[in-house]
Amino acid sequence: MKHLRARAACAIVAATSLLLAVPAAAQIRIGQTSGFTGPVAAAVAEINVGAKLYLNSVNEEGGVAGQTIELVSLDDQNQVPLAAENARKLIADPRTMALFLTRGTPHAQAILPLLAESQIVLLAPSTGAMVLHKPVNPWVFNVRATYQAEAERVVRHLGLAGLDKVALCAVDDSFGADALEGALRVYKEANAEPTVNQPIDKFKPDYSACVQKANAAKALGVLIVGTPVSVAAGVNAFRTSGSQAIIATLSNNASSGFIKALGKNAEGVIVSQVFPSERSLATPMIAEAARLAAAEDIKELTPAMIEGFAAAKVLVAALRRAADANRGLVTRAGIKRALEGFNRVDIGGGLGGRELTYTATDHTGLDYVDLSRINADGLFRR
């Protein structure tokens, strides 16, 4: 009898300890710095709508081990110094368990030194920068494909009529240089050089030289790499000049805000995509996002929303694994260990064998790349 009472007492103590470790009102705080105002604001807003669709649904169902997920978002106005400052503020709070969905290549680069120093993960940065993939940073876990893979796919498509008929206009920063590396890989394989390779000023985008050179070369296709505001200005410059060239850009512009910025010039613009179509309801993840969006009275999903939604699914999968491994407690180190244990994790993407796997030598995530075309109704069509 004494032994039974002792065992019962131990069980009560263990259960009580677990309850005390994870109070009912506990929160898992996730930090984000991104350009909620400035030239990328429209895309950032849509990405966050998608992320919160999933996070809110998880919270409504009890969260992770009884803890709700709180996304703390700070506006860096798309300015690199402010992004670094925001990241420092977020990391300084010991309640912040991970950084999530930061936006921009140079912005992510500015944050990298802080990660190892603070032993905190950056998950799903909203950039396809190769610098976040190679060499592998042990604290960065990517979800979406690289800009180089996108640019390579776009140039191969535009180059079907001849690589000498493709013009390249890219912003003169690390983002533009990264994307160009993928585009130029196609030329290198063909032992050719682009007829036009014109840098565009990041802060005062002027497309006059690019347009003049492309028209002189009788370009049939143009790849423009830049922010939504910059690329919209570039498309307008080409169309105003009378050019009927096919114009393409990358997935950082895969938002309805970009289409609105294009206005009358939207139809026919090609935009690379890094997730399945937002209208592919046969894809489990898309069907789930559509159901949750309908419940929130969101009329149309966008590719940017799907990026945020997919990133949130990866985040929650990592949080659940971290909690399961530590009696419900989520820590910075636990999230890193959980992500390192990902082996063919299916987030319902219908990605044809492209489930998420992270290894010590590969934090790339998915490699899905597709092309879409903006139609007359202002929608991305595959």
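Just above sits the structure.
Report on the accompanying structure. Not measured: the values here are computed from a predicted model. (Residues numbered from 1 in each chain as written. Predicted model: local features only at pLDDT ≥ 70, side-chain atom pairs only at ≥ 80, totals over all residues. Heavy atoms only, no water.)

Points about the overall build of the protein
Link 1 in the chain: The secondary structure content of the protein amounts to twelve helices and twelve strands.
Link 2 in the chain: If you line up the protein on its principal axes, its C-alpha atoms span 95 × 40 × 35 Å.
Link 3 in the chain: Here the protein holds 382 residues, and 55% of them are scored as buried.
Link 4 in the chain: Long-range contacts, defined as pairs at least 24 residues apart, comprise 69% of the intrachain contacts of the protein with a sequence gap of at least 6.
Link 5 in the chain: For the protein, the centre of its 38 positive side-chain charges and the centre of its 35 negative side-chain charges are spaced 5 Å apart. (Helix = DSSP H or I, 4+ residues; strand = E, 2+ residues; numbered from the N terminus. Buried < 20%, exposed > 50% of the residue type's maximum accessible area, 1.4 Å probe, protein only. Contact = heavy atoms within 4.5 Å. Lys, Arg positive; Asp, Glu negative; His and termini not counted. Charge placed at Lys NZ, Arg CZ, Asp CG, Glu CD.)

Quick word on unusual backbone geometry
Link 1 in the chain: Of note, the amide linkage connecting Lys134 to Pro135 takes the cis form, showing an omega dihedral of -10 degrees.
Link 2 in the chain: Phi at Gln77 takes a positive value of approximately 55 degrees, unusual for a residue other than glycine.
Link 3 in the chain: Checked against the element boundaries, Gln77 lands in the loop between strand S2 (68-75) and helix H3 (80-92).
Link 4 in the chain: For Lys218, which is not glycine, the phi torsion reads 55 degrees and is therefore positive.
Link 5 in the chain: Residue position: Lys218 is located in the loop between helix H7 (208-216) and strand S8 (221-225).
Link 6 in the chain: Look at Lys218 and you get exposed, because its relative accessible area is 61%.

Some details on the state of the cysteines
Link 1 in the chain: Applying the stated criterion to the full structure yields one disulfide.
Link 2 in the chain: With its sulfur 1.6 Å from that of its partner, Cys169 forms a disulfide with Cys210. With a gap of 41 residues between them, Cys169 in strand S6 (residues 166-171) and Cys210 in helix H7 connect regions that are remote in the sequence. Neither residue differs from the other here; Cys169 and Cys210 are each classed as buried. (Disulfide = S-S within 2.5 Å.)

Observations regarding the pairing of strand S7 (residues 196-200)
Link 1 in the chain: Here S7 shows a clear split, with Val196, Gln198 and Ile200 buried on one side and none of Asn197 and Pro199 buried on the other.
Link 2 in the chain: In this structure, S6 lies alongside S7, joined through five bridges in parallel fashion. The partner of Ala170 across the bridge, within S7, is Pro199.
Link 3 in the chain: In this fold, S6 hands off to helix H6 (residues 174-189), which returns the chain to S7; that crossover is right-handed. (Pairing = 2+ DSSP bridges. Right-handed = clockwise from strand over helix to strand, strands pointing away.)

Regarding the packing of helix H2 (residues 41-60) against helix H10 (residues 284-295)
Link 1 in the chain: At a minimum axis distance of 10 Å, the contact between H2 and H10 shows a crossing angle of 80 degrees. By the criterion of interaxial angle, the relationship of H2 to H10 is roughly perpendicular. Seen from H2, the contacting residues are Leu53, Tyr54 and Ser57; seen from H10, they are Glu288, Ala289, Leu292 and Ala293.
Link 2 in the chain: Looking at the contact of H2 with H10, its residues break down into five nonpolar, one polar and one charged. (Axes fitted to C-alpha atoms, helices over the stretch in contact; angles between N-to-C directions. Parallel < 35°, antiparallel > 145°, perpendicular 65-115°, else oblique. Nonpolar A, V, L, I, M, F, W, Y, C, P; charged D, E, K, R; others polar.)

Considerations on the environment of Met130
Link 1 in the chain: Its place among the elements puts Met130 in the loop between strand S4 (121-123) and strand S5 (140-141).
Link 2 in the chain: Expressed as a C-alpha distance, the spacing of Met130 and Ser174, which sit 44 residues apart in the sequence, is 9.9 Å.
Link 3 in the chain: Other than its neighbours up to four places away in sequence, Met130 contacts Thr146, Gln148 and Asp178.

With respect to the packing of aromatic side chains
Link 1 in the chain: Within this structure, the stated rule accounts for four aromatic pairs.
Link 2 in the chain: Geometrically, the ring pair formed by Phe141 and Tyr358 is edge-to-face, given 5.1 Å between the ring centres and 75 degrees between the ring planes. In this pair, Phe141 is assigned in strand S5 and Tyr358 in the loop between helix H12 (332-340) and strand S11 (370-374), connecting sequence segments 217 residues apart.
Link 3 in the chain: For Tyr358, a relative accessible area of 2% puts it in the buried group.
Link 4 in the chain: Taken together, a centroid distance of 4.7 Å and an interplanar angle of 50 degrees make the contact between Tyr147 and Phe175 tilted. Taken as a pair, Tyr147 in helix H5 (residues 147-158) and Phe175 in helix H6 lie far apart in primary sequence, 28 residues in all.
Link 5 in the chain: Looking at Tyr147, the relative accessible area reads 3%, which means it is buried.
Link 6 in the chain: A relative accessible area of 8% means that Phe175 is categorised as buried.
Link 7 in the chain: Through a chain of ring-to-ring contacts, three or more aromatic side chains come together here, namely Phe141, Phe342 and Tyr358. (Phe/Tyr/Trp six-rings, centres within 6.5 Å; stacked < 30°, edge-to-face > 60°.)

Side note on the sheet that holds S4
Paired through their backbone hydrogen bonds, the strands of a sheet run either parallel or antiparallel.
Link 1 in the chain: The strand order across the open sheet formed by five strands is S2-S1-S3-S4-S5, and the pairing between neighbours is parallel. Two strands lie at the open edges of the sheet, namely S2 and S5, each paired on one side alone.
Link 2 in the chain: Taken together, the eight bridges between strand S1 (residues 27-34) and S2 define a ladder with parallel strand orientation. Across the sheet, residue Ile30 finds its bridge partner in S2, namely Leu71.

With respect to the sheet that holds S6
Link 1 in the chain: Spatially, S7-S6-S8-S9-S10-S11-S12 is the arrangement adopted by the seven strands of the open sheet, whose pairing is mixed. Each edge of the open sheet carries a strand with a single partner, namely S7 and strand S12 (380-381).
Link 2 in the chain: Sheet strands touched by H5: S6, S8, strand S9 (246-249), strand S10 (270-273) and S11. Its angle to S8, the strand with the most contacts, is close to 165 degrees.
Link 3 in the chain: Sheet contacts for H7: S6 and S7; angle to S7, the most-contacted strand, approximately 170 degrees.

Examining the nonpolar core
Link 1 in the chain: Counting 70 residues, the largest nonpolar core has Ile30, Phe100, Leu123 and Leu339 as its most contacted members.
Link 2 in the chain: When residues no more than four places from it in sequence are discounted, the contact partners of Leu123 are Leu99, Phe100, Leu101, Phe141, Val143, Val314, Leu315, Leu339 and Tyr358. (Core = buried A, V, L, I, M, F, W, Y, C linked by side-chain atoms within 4.5 Å.)

Here's the deal with the side chain of Ser230
Link 1 in the chain: Along the chain, Ser230 falls in helix H8 (residues 228-240).
Link 2 in the chain: With a relative accessible area of 7%, Ser230 lands in the buried category.
Link 3 in the chain: Residue contacts for Ser230: discarding those within four places in its chain leaves Ile200, Pro205 and Tyr207.

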